Amino acid sequence: MFTQNWGDTYYGHNISPDADSMPARRWIEQLEHYQPDLQQRVKRTVDQWNLIVRDQLRNETALRLSLESKINHPEHKPTQIPIKVVDGLPEPLIHVLRDYSEQAPTLLNEKAFADTVKGLRVANDQFSALQTLCPSQISPSDLADASGWLQRILEQLRQTDIKHRLRELNQDILGAYFFNVPRVEIYWAAIGIYAQLYSISIEGLCLVVLAHELAHAYTHWGKDIDGTTWETKDFGNADLAIVEGFAQFYTKTVCEKLAARFPAALEAYQALLQTQSPVYTEHEQWIKDHPHLKEAVRFSMIQCRSKGIVEYGDFMRVLQDVGNFPFSR
Ligand SMILES: [Zn+2]
């Protein structure tokens, strides 16, 4: 279980997203057709929340993120890990989506069809009043026909196995942390597709992706009070469930901290969790209900980094041991 190395991913090999193939273009064009401002909404959310999310991550991990361009270089100064909102869909995602590109227009609008069915039911319930308000040749049976047709379409959409296949993806597909560079990319079209397929708020989902990718950057490159980081080799060799576990744990923490100001983020985190593979949900089981959960995870994370732990079983033993510490009460 959970033995795939985190580094064996497209972001471990700096592979660019696909913006030009026919399937990628079809999905993105369909997305933009109904939401022409999508890219701007994602960019605006990233710009607006970038520093706030970084502040939260710094507080929660007690790690400081700064890169030194060149040691002893006369102009060397700390720089932040760059974030870019980019076009295209990452390889693992388009690998699945290309099999459904013919159905993209309908799959992306499942919620619109479901809302229309609801609207037709309301119109049917209020038929006499609506005819008085605005006389029409439409009959109740016309409404029932339209509703029945859309319901059959919805049933067919729900029988496609696209969501089952997306759940099997064990790589970040809405954003990426290219740890060898390092830099963060946010895929606005992938966020839009997931928001549409699963009825999640775009801005909320965007914040989740931002926090998740930055959490990778903090847990990898963030300096503890001794100035130590996670060795890139160990980080890349660590089991998926360790690296994704930390990213998810701190994403949830950030969303909880920001819930009063941005409730859609925590809702998006929870909704996305329902769609993800076990490596993205495993952290929810970590020493459950422990009164000092955050401190125990933080201490275990520091241990994991300093000891070069790469196997999930070894990490879990550390977490259990730390969980048994007599934390101050
Ligand atoms: Zn991740």
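As a reminder, the structure under discussion sits directly above these lines.
Residues numbered from 1 in each chain as written. Predicted model: local features only at pLDDT ≥ 70, side-chain atom pairs only at ≥ 80, totals over all residues. Heavy atoms only, no water.

A. Fine view of helix H5 (residues 110-125). With 16 residues, H5 extends 23 Å between its outermost C-alpha atoms, agreeing within 8% with the 22 Å of an ideal straight helix rising 1.5 Å per residue. Listed as buried for H5 are Glu 110, Val 117, Leu 120 and Ala 123. Down the axis of H5, the sector holding all buried residues measures 140°, keeping them to one side. Looking at the buried residues of H5, the elements they touch are helix H4 (104-107), helix H6 (127-133), helix H7 (140-159) and helix H8 (162-167). (Helix = DSSP H or I, 4+ residues; strand = E, 2+ residues; numbered from the N terminus. Expected span 1.5 Å × (residues − 1). Buried < 20%, exposed > 50% of the residue type's maximum accessible area, 1.4 Å probe, protein only. Arc of directions from axis to C-beta. Contact = heavy atoms within 4.5 Å.)

B. How the structure looks around the coordination of the zinc ion. Protein coordination at the zinc ion: the donors are Asp 172 (OD), Asp 172 (OD), His 212 (NE2), His 216 (NE2), Glu 244 (OE) and Glu 244 (OE), at 2.0 to 2.6 Å from the metal. Geometry at the zinc ion is irregular, judged from its six donor atoms and the angles of 53 to 155° they form at the metal. Spacing between the donor residues of the zinc ion along their common chain follows D-x39-H-x3-H-x27-E. One end of the pair, His 216, is in helix H10 (residues 202-221); the other, Glu 244, is in helix H12 (residues 240-257), and 28 residues separate them in sequence. Accessibility classification places His 216 together with Glu 244 in one group, the buried group. (Donors = N, O, S within 2.8 Å, 3.2 Å for Na, K, Ca; no water. Tetrahedral: all angles 85-135°; square planar, octahedral: opposite > 155°, others 65-115°.)

C. Expanded view of the packing of helix H15 (residues 293-307) against helix H16 (residues 312-323). Here H15 crosses H16 at 135°, and the two axes come no closer than 9 Å. Classified by the angle between their axes, H15 and H16 sit oblique to one another. For the crossing formed where H15 meets H16, the hand is right-handed. Two secondary-structure elements touch here, H15 through Ala 296, Val 297, Phe 299, Ser 300, Gln 303 and Cys 304 and H16 through Phe 315, Val 318, Leu 319 and Val 322. (Axes fitted to C-alpha atoms, helices over the stretch in contact; angles between N-to-C directions. Parallel < 35°, antiparallel > 145°, perpendicular 65-115°, else oblique. Left-handed = near helix turned anticlockwise from the far one by under 90°.)

D. The packing of aromatic side chains, seen in detail. Counted by the stated rule, this structure contains 15 aromatic pairs. With a centroid separation of 6.2 Å and 75° between ring planes, the pair formed by Tyr 177 and Phe 235 is classed as edge-to-face. Taken together, the residues span a long stretch of sequence, with Tyr 177 in strand S4 (residues 175-178) and Phe 235 in helix H11 (residues 232-237) at a distance of 58 residues. Here the two residues Tyr 177 and Phe 235 agree in accessibility, since each one is buried. Ring plane angle 45° and centroid distance 5.1 Å describe the contact between Tyr 194 and Tyr 198, whose orientation is recorded as tilted. One end of the pair is Tyr 194 and the other is Tyr 198, both in helix H9 (residues 188-198) and four residues apart, which spans about a single turn. For Tyr 198, a relative accessible area of 17% gives the class buried. (Phe/Tyr/Trp six-rings, centres within 6.5 Å; stacked < 30°, edge-to-face > 60°.)

E. Inspection of the packing of helix H2 (residues 38-61) against H12 at higher detail. Two elements in contact, H2 and H12, have axes separated by 10 Å at closest approach and are oriented at 115°. Note that H2 runs across H12; the crossing there is right-handed. Only Tyr 250, Thr 253, Val 254 and Lys 257 of H12 make contact with H2, whose side of the interface consists of Val 53, Gln 56, Leu 57, Glu 60 and Thr 61. In the contact of H2 with H12, the residues fall into four nonpolar, three polar and two charged. (Nonpolar A, V, L, I, M, F, W, Y, C, P; charged D, E, K, R; others polar.)

F. Representation of the pattern of salt bridges in the model. The final tally for this structure, using the stated rule, is 13 salt bridges. Asp 234 is the partner of Lys 233 in a salt bridge, and the nearest nitrogen-oxygen pair spans 3.6 Å. The exposure class of Lys 233 is exposed, given its relative accessible area of 59%. (Salt bridge = Lys/Arg side-chain N within 4 Å of Asp/Glu carboxyl O.)

G. Spotlight on the nonpolar core. If you look at the biggest cluster of nonpolar residues, it comprises 101 residues, and the most contacted ones within it are Trp 27, Val 53, Leu 89 and Phe 315. The greatest single-element share of this core, amounting to twelve residues, is contributed by H10. Core analysis: the second largest hydrophobic core is formed by seven residues, Leu 120, Ala 123, Leu 143 and Leu 150 among them. (Core = buried A, V, L, I, M, F, W, Y, C linked by side-chain atoms within 4.5 Å.)

H. Representation of helix H1 (residues 22-34) within the structure. For H1, which comprises 13 residues, the first-to-last C-alpha distance of 19 Å matches the rise-based estimate of 18 Å (1.5 Å per residue) to within 8%. For H1, the complete set of buried residues consists of Pro 23, Ala 24, Trp 27, Ile 28, Gln 30 and Leu 31. Mapping the buried residues of H1 onto a view down its axis gives an arc of 160°, with all of them on the same face. Projecting away from the buried face of H1 at angles above 90 degrees are the exposed residues Met 22 and His 33. Buried residues along H1 sit in contact with H2, helix H3 (91-97), H4, H8 and H9.

I. How the structure looks around the side chain of His 283. As for its placement among the helices and strands, His 283 is situated in the loop between helix H14 (278-281) and H15. Residues within four places of His 283 in sequence aside, it is in contact with Gly 245, Gln 248, Phe 249, Tyr 269 and Leu 273.

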